Amino acid sequence: DGMQNVFTLTASATISGLNFNVTGKGHADGTNANIVSIQANDCKLLNCTFVGLFADGDNEVVRASAVSPSVTGFEISGNTVTNLRQPCYINDNCVGKVYNNTVSGTRGFTVCCSADVEFVGNEFSNRSGDCDIAIMDTSETNLFTKEVQDQILKDNPGCVIDDQTD
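Residues numbered from 1 in each chain as written. Predicted model: local features only at pLDDT ≥ 70, side-chain atom pairs only at ≥ 80, totals over all residues. Heavy atoms only, no water.

## Digging into the sheet that holds strand β15 (residues 123-125)
This is how the line gets drawn: Strands are treated as partners if at least two bridges between them are detected by DSSP. Secondary structure counts use DSSP, requiring at least four H or I residues in a row for a helix and at least two E residues in a row for a strand, with both numbered from the N terminus. To get an axis, fit a line to the C-alpha atoms, keeping to the stretch in contact for a helix; angles then go from 0 to 180 degrees between the N-to-C directions.
Overall, parallel pairing links the 5 strands, which are arranged β3-β6-β9-β12-β15 in an open sheet. Unpaired on one side and paired on the other, β3 (19-21) and β15 mark the two borders of the sheet. Each adjacent strand pair in this sheet contributes to an overall mean axis angle of 5°, direction not counted. Pairing analysis gives 3 bridges linking strand β9 (residues 80-82) to strand β12 (residues 102-104), with the strands arranged parallel. By the bridge assignment, Val81 is partnered in β12 with Val103.

Take a look at the structure:
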């Protein structure tokens, strides 16, 4: 699929307190990367720092993390993500928490509409795109109702949501 993973979590695990620096741009062959790929239930990504070289208009896709379809019990909390394309891509039918992250210079979280994700206490600044959380139209099941989106906005002051399910 053209996606490379630096760390792949295939069993319940926690990555905590690490610093990740992306020192180059995406590959010329179009290969993109997830620094941490969460492919198992009950994984945690806690208190890590991710820094890259992404600038608005770049075609590269380097993400701090990605959550595979149907993963449950994941937690992404206390991380700082700066200048990467996305802090995380969360696939369909996932269940988890995204708490107290500081995000700057990204195009925001991408979450598929059938994922059940609680966003609380995240801080966003210097966005490279139009939003902090993009909700993708990937399923007939859309869990991101107006009420859920209003709660996300309340729990994440200053957050901008791009609901692509409309």
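## Considerations on the packing of aromatic side chains
Aromatic rings considered in pairs are described by the distance between their centres and by the relative angle of their planes. Rules: Note on ring pairs: Phe, Tyr and Trp rings are taken, using the six-membered ring of Trp, and paired if centres are within 6.5 Å. Classes follow the plane angle, with under 30 degrees stacked, over 60 edge-to-face and the rest tilted. Each residue is assigned to one of three classes by its accessible area relative to the maximum for its type, calculated with a 1.4 Å probe on protein chains only: buried under 20%, partly exposed between the two thresholds, exposed over 50%.
Applying the stated rule across the entire model yields 4 aromatic pairs. Taken together, a centroid distance of 4.8 Å and an interplanar angle of 10° make the contact between Phe20 and Phe50 stacked. Note that Phe20 is positioned in strand β3 and Phe50 in strand β6 (residues 49-51), a separation of 30 residues in sequence. Taken as a pair, Phe20 and Phe50 share a single burial class, namely buried. Centroid distance Phe109 to Phe119: 5.5 Å. Interplanar angle 75°. Geometry classified as edge-to-face. Of this pair, Phe109 sits in strand β13 (residues 109-112) while Phe119 sits in strand β14 (residues 116-120), and the two are 10 residues apart along the sequence. By way of ring pairs, the aromatic residues Phe7, Phe20 and Phe50 are connected into one cluster.

## Structural notes on the side chain of Ser65
We apply this condition: A 3.5 Å cut-off defines polar contacts: any pair of N or O atoms within that distance qualifies, except that in protein one atom must be a possible hydrogen donor and the other a possible acceptor, and neighbouring residues in sequence count only when both atoms are side-chain atoms. Any two residues having at least one pair of non-hydrogen atoms within 4.5 Å are treated as being in contact.
Note that Ser65 resides in strand β7 (residues 62-67). A distance of 3.1 Å separates the side chain of Ser65 from the backbone oxygen of Pro87, its partner in a polar contact. Not counting chain neighbours up to four residues away, the residues in contact with Ser65 comprise Val36, Leu45, Ile76, Pro87, Cys88 and Tyr89.

## Quick notes on the environment of Thr82
Residue placement: Thr82 occurs in strand β9. Residues Thr82 and Thr102, spaced 20 residues apart in sequence, show a C-alpha to C-alpha distance of 8.3 Å. Discounting residues that sit within four places of it in the chain, Thr82 has contacts with Phe50, Val51, Gly52 and Ser104.

The values reported here are purely geometric and, on their own, carry no functional implication.
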